[in-house]
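The chain contents come next:
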Amino acid sequence: MAAPQDGVYMIIRLVMLAELVATIAALAMPESLQSRVLASFVLATAALVVAIFPSSASLGLAKLLRPGLGVVLAVPALWMASQAVPMPMGTLGNAIWATASAALNEPLAEIITVDTGATMFSFAQYCAVLAAALVTAVVTLDRYRAAQVLHILLLIATIATVMWFGKETAGVAGPDGSTVAVLGVLLSCATAIRAIDQFRRHSRPGTIGPAPLPALSAAIIAMIVCMAALLIRTNLTAVVAALLGSGILLSMFAIRRWFLGLWGTAGVLATAVIFFIASVTVIPFRTNTDLTIALSTSSQIATERMLQDVRPAGSGAGASTVLLPIYRDIGSGALRERPTAAAAIVVDMGWAFLCGLVVVAMLGTCILIRRSLSRAYDYVYPALGAGASITLTVLAFADHGILDLGASLLIAAVFGLAFGQSVPSAGRDAISPGSKETSDWMAGPAPASRPRFASALVTAWPRVALMVLGIALLVQAIWMVLPAWYLGGHSLPTGVVTAAWPNATSKPVSVAAAREDLWIRGESRSLWDPALSADEQKTALPVAPKAFARALRSSPLRGDIWLMLAAASKRDLTQSDTAAMLKMSYYTAPNDLDLLPLRLSVALATDAVVRELEFRDLIKRDVSLVVTHRPTLRPALLAAYRSASAGGKVYLESLISELDPSYLDSMRARNSRQGSR
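A quick note: this is a predicted structure, and the numbers were derived from the prediction, not measured.

### A short note on the overall build of the protein
Okay, so step 1: If you tally the helices and strands in the protein, you get 31 helices and 0 strands.
Okay, so step 2: The proportion of buried residues among the 677 residues of the protein is 53%.
Okay, so step 3: Within the protein, contacts between residues at least 6 apart in sequence are counted, and of these 77% link residues at least 24 apart.
Okay, so step 4: Summing over all exposed atoms, the protein offers an accessible surface of approximately 29600 Å²; the carbon and sulfur share of this is 67%.

### Overview of the packing of helix α7 (residues 143–166) against helix α9 (residues 213–233)
Okay, so step 1: In the contact formed by α7 and α9, the axes pass within 10 Å of each other and the chain directions differ by 35 degrees. Seen along the crossing, α7 lies across α9 with a hand that is left-handed. Counting all contacts with α7, which are made through H151, L154, T158, T161, V162, W164, F165 and G166, the residues of α9 involved are A215, A219, A222, V225, C226, A229, I232 and R233.
Okay, so step 2: Split by residue class, the contact of α7 with α9 holds 11 nonpolar, 4 polar and 1 charged.

### Regarding helix α5 (residues 96–104)
Three or four residues apart is the spacing at which side chains of an α-helix point the same way, because the helix has 3.6 residues per turn.
Okay, so step 1: Three or more residues of α5 are buried, namely I96, W97, A100, S101, A103 and L104. Looking straight down α5, one finds its buried side chains confined to an arc of 165 degrees; they lie on one side.
Okay, so step 2: Positioned one or two residues after α5, N105 has a phi angle of 60 degrees, which is positive.

### Details of the packing of aromatic side chains
Okay, so step 1: In total, this model carries 3 aromatic pairs according to the counting rule given.
Okay, so step 2: When the centroid spacing of 6.2 Å and the interplanar angle of 65 degrees are considered together, the rings of Y586 and F615 count as edge-to-face. Taken together, the residues Y586 in helix α25 (residues 575–588) and F615 in helix α28 (residues 613–628) connect sequence positions 29 residues apart.
Okay, so step 3: Seen from the ring of Y641, K649 lies directly overhead, with NZ or CZ sitting 5.7 Å from the centre.

### Remarks on the nonpolar core
Okay, so step 1: Residues L230, L384, L409, L582, I619, V623 and L637 are the most contacted members of the largest nonpolar core, which totals 172 residues.
Okay, so step 2: In terms of residues, this core owes the most to one element, helix α6 (residues 116–139), which gives 14 residues.
Okay, so step 3: Those residues in contact with L409 that lie beyond four places of it in its chain are A22, T23, A26, A39, L43, A128, V129 and A132.
Okay, so step 4: Counting residues in hydrophobic clusters, the runner-up holds 6 residues, among them L33, V37, F121 and M480.

### Some remarks on the environment of R233
Okay, so step 1: Inspection of the secondary structure puts R233 in helix α9.
Okay, so step 2: In sequence terms R233 and G177 are 56 residues apart; their C-alpha atoms lie 9.5 Å from each other.
Okay, so step 3: Separated by 3.0 Å, the side chain of R233 and the backbone oxygen of W164 make a polar contact.

### Concerning the confidence of the model for the protein
Okay, so step 1: When pLDDT is averaged along the protein, the result is 76; 72% of the residues meet or exceed 70.
Okay, so step 2: Note that pLDDT drops below 50 for residues 169–175; the model gives that stretch 20 contacts with residues more than four away or on any other chain.
Okay, so step 3: Scored below 50 in pLDDT, residues 426–450 shows 50 contacts in the model against residues more than four places distant or in partner chains.

### Considering a nonpolar patch on the surface
Okay, so step 1: A contiguous nonpolar surface patch, about 450 Å² in accessible area, is contributed by I52, F53, M467, I471 and V475.
Okay, so step 2: In terms of residues, the nonpolar patch owes the most to one element, helix α19 (residues 452–487), which gives 3 residues.
Okay, so step 3: One can find F53 in the loop between α2 (33–52) and α3 (57–64).

### Topic: unusual backbone geometry
Okay, so step 1: Not every positive phi belongs to a glycine, and N105 is a case in point at roughly 60 degrees.
Okay, so step 2: Residue position: N105 is located in the loop between α5 and α6.

### What about the pattern of salt bridges?
Okay, so step 1: Under the counting rule described, the total for this entry stands at 8 salt bridges.
Okay, so step 2: A salt bridge links D378 to R143, with the shortest nitrogen-to-oxygen separation between them at 3.1 Å. Note that D378 is positioned in the loop between α15 (351–374) and α16 (380–396) and R143 in helix α7, a separation of 235 residues in sequence.
Okay, so step 3: Assessed through its relative accessible area of 26%, R143 is described here as partly exposed.
Okay, so step 4: The salt bridge partner of R558 is D560, with a shortest N-O separation of 2.6 Å.
Okay, so step 5: By relative accessible area, which is 6% here, D560 ends up buried.
Okay, so step 6: Here the salt bridges do not stand alone but share partners, grouping K583, E612 and E614 into one network.

### Concerning the packing of α6 against helix α17 (residues 405–420)
Okay, so step 1: α17 packs onto α6 with a crossing angle of 30 degrees between their chain directions and a minimal axis gap of 7 Å. Considering only the axes of α6 and α17, their crossing is right-handed. Taken together, the residues of α17 that come into contact with α6 (itself represented by Q125, A128, V129, A132, A133, T136 and A137) are L405, S408, L409, A412, A413, G416, L417 and G420.
Okay, so step 2: Partitioned by chemical class, the residues of the contact of α6 with α17 number 10 nonpolar, 5 polar and no charged.

### A short note on the side chain of D399
Okay, so step 1: Topologically, D399 is positioned in the loop between α16 and α17.
Okay, so step 2: One buried charge, D399, has no salt-bridge partner; the nearest side chain with opposite charge is R338, at 7.9 Å.
Okay, so step 3: A distance of 3.1 Å separates a polar atom in the side chain of D399 from the backbone nitrogen of G401.
Okay, so step 4: Excluding its chain neighbours within four sequence positions, the residues that come into contact with D399 are S178, T179, T340 and A341.

### Considering the side chain of H400
Okay, so step 1: Locating H400 in the fold gives a position in the loop between α16 and α17.
Okay, so step 2: With a relative accessible area of 13%, H400 lands in the buried category.
Okay, so step 3: One polar contact links H400 to R338, side chain to side chain, over a distance of 3.0 Å.
Okay, so step 4: Apart from residues lying up to four places away in sequence, H400 is in contact with R338, P339, T340, A341 and A344.

### Concerning the environment of F121
Okay, so step 1: Positionally, F121 belongs in helix α6.
Okay, so step 2: On the basis of relative accessibility, which here comes to 4%, the residue F121 falls in the buried class.
Okay, so step 3: Considered as a pair, F121 and M480 are 359 residues apart in the sequence and their alpha carbons are 8.4 Å apart.

The rules behind the values
Residues numbered from 1 in each chain as written. Predicted model: local features only at pLDDT ≥ 70, side-chain atom pairs only at ≥ 80, totals over all residues. Heavy atoms only, no water. Helix = DSSP H or I, 4+ residues; strand = E, 2+ residues; numbered from the N terminus. Buried < 20%, exposed > 50% of the residue type's maximum accessible area, 1.4 Å probe, protein only. Contact = heavy atoms within 4.5 Å. Areas by Shrake-Rupley, 256 points an atom, 1.4 Å probe, with all protein chains shown as cover. Axes fitted to C-alpha atoms, helices over the stretch in contact; angles between N-to-C directions. Left-handed = near helix turned anticlockwise from the far one by under 90°. Nonpolar A, V, L, I, M, F, W, Y, C, P; charged D, E, K, R; others polar. Arc of directions from axis to C-beta. Phe/Tyr/Trp six-rings, centres within 6.5 Å; stacked < 30°, edge-to-face > 60°. Lys NZ or Arg CZ within 6 Å of the ring centre and 35° of its normal. Core = buried A, V, L, I, M, F, W, Y, C linked by side-chain atoms within 4.5 Å. Polar contact = N/O pair within 3.5 Å; in protein donor to acceptor, adjacent residues only side chain to side chain. pLDDT = per-residue confidence, 0-100. Patch = residues over 30% accessible without salt bridge, like charges linked within 9 Å, V, L, I, M, F, W, Y side chains within 5 Å. Salt bridge = Lys/Arg side-chain N within 4 Å of Asp/Glu carboxyl O. Lys, Arg positive; Asp, Glu negative; His and termini not counted.

Here's what the structure looks like:
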């Protein structure tokens, strides 16, 4: 049976390498479309390899991944999918779809999410995280592979923490750096405990095994690095969270080493609970604010406003990043504030989902603690999962890190390791060298005492689930990468940027919005391409409005696209249609200074807009901001004055005369000099 075993070992090595590549790439690269596509492709391949090629690990996976656990893992995916399903009018559907339907003058189905692209990206990330957890669980069913994975994860977390400590904002140095550092503390603590247990076992006569001294030394160094990074670069909440998780691990170590028995276990656990309560009192809570941001030390003003408008079913997975610019103050950067993970989950999925998630996390902690206490050896792995569950729950109410791609994949690997080694006789020794169970399983059918069909069904359904998950990840990766293929690798011409955004203003977009922008750029290229003749450009003019309208059908809160659609459609649509689109731009991006120059130019160029009282107030607000607070934007105001209609010029002059009469004289003089040239 050497040849089949060699094949099994090769498959396991390939799967471990694939997951390692995906995790390192997600941590090392800035969170972008490319990193998501790479992670999806690699993890899809790993899941399909595990599902297609049979191995003795299927027996252990079948015992580990029971139907009840499968249902729990499927609920978030089903919830996200239901958010993109059309709802009956006037029920859970978001009102923005009815408003967008009226502005576009075409029927749009009401759905829960406000951005289907962002929801699909969140769905893809959840599938990737789920695949990473399940593949890790399969690999770590063997105790020797579990030790290797533990050491690899510790190495990844330590290197990522060092990179985060030395940088400010790139890749792992971004918001997920503190989460990775906390996980590094837990992993180093688990590695040290395992090494100490090995010292004790190796002191017995006749025992043979790898020397634990190098692992213990590496764990101590990693602990020093990660704790130093937390103490220097993070707040007290992250440090306390790391200590709480480490306390769970140390409690399990104390019970196994000195306090065996019912009363000893109860005493240690009671001490751990007291330590937990005392630690929580040290964390600085913010009073008079929402519970989901009570532990955050950064500004959460816009997040508080979002939480006041939370819907029962949420606004769609990933919607918090789309809604944040609408609620932030004018002129403040959207990237300066990030909702905590708990707040983002409430905005995206609703309060019920967050409460259910916390309950599942606490139940999972109790299950892992019970399984850790029931293990004679390797109890450190389920204890690691229990500590991580407590730690990550605290961090969810303090920052956003656990939802980032790199950190979430590392978290998935940790929990996969914990659950893979939590169930006794789950097949962890089935793929060990020379294992009798491996030979018996690969050589013959199931035991006669068990019906063959039932045994095949029990071992087959987890593989089918993994196969479905792998196929879903491949489809999602192709869906994400299709726009790049559509563009043929060409970049956006400069003419498009200068025509769309005056003064070469750059506008950051989210990952989900970037995909829609690729489609828009691909179809709007012909609109401003100087290489086309006048007749060709005239024929191609309707192409850009169609591309913009298509993007708005999936993301109606994109104020920049509403504005570009209004600007591109002025010569093709009625004034009422242009006014409706312009109004949507004002309401979906009220505080975006990047849009102000083009928005003023479009608004003042149409008499129907200037005559409407609602628009007059909106225009007055923008003009007041430029004249009194943003003098650098005054050239854009002059450009809007030159292209304004007769009514627009009169209204603009009246506004400026109230705010700064001297600037009005200067603007008229500049306009006269420009006209005389």
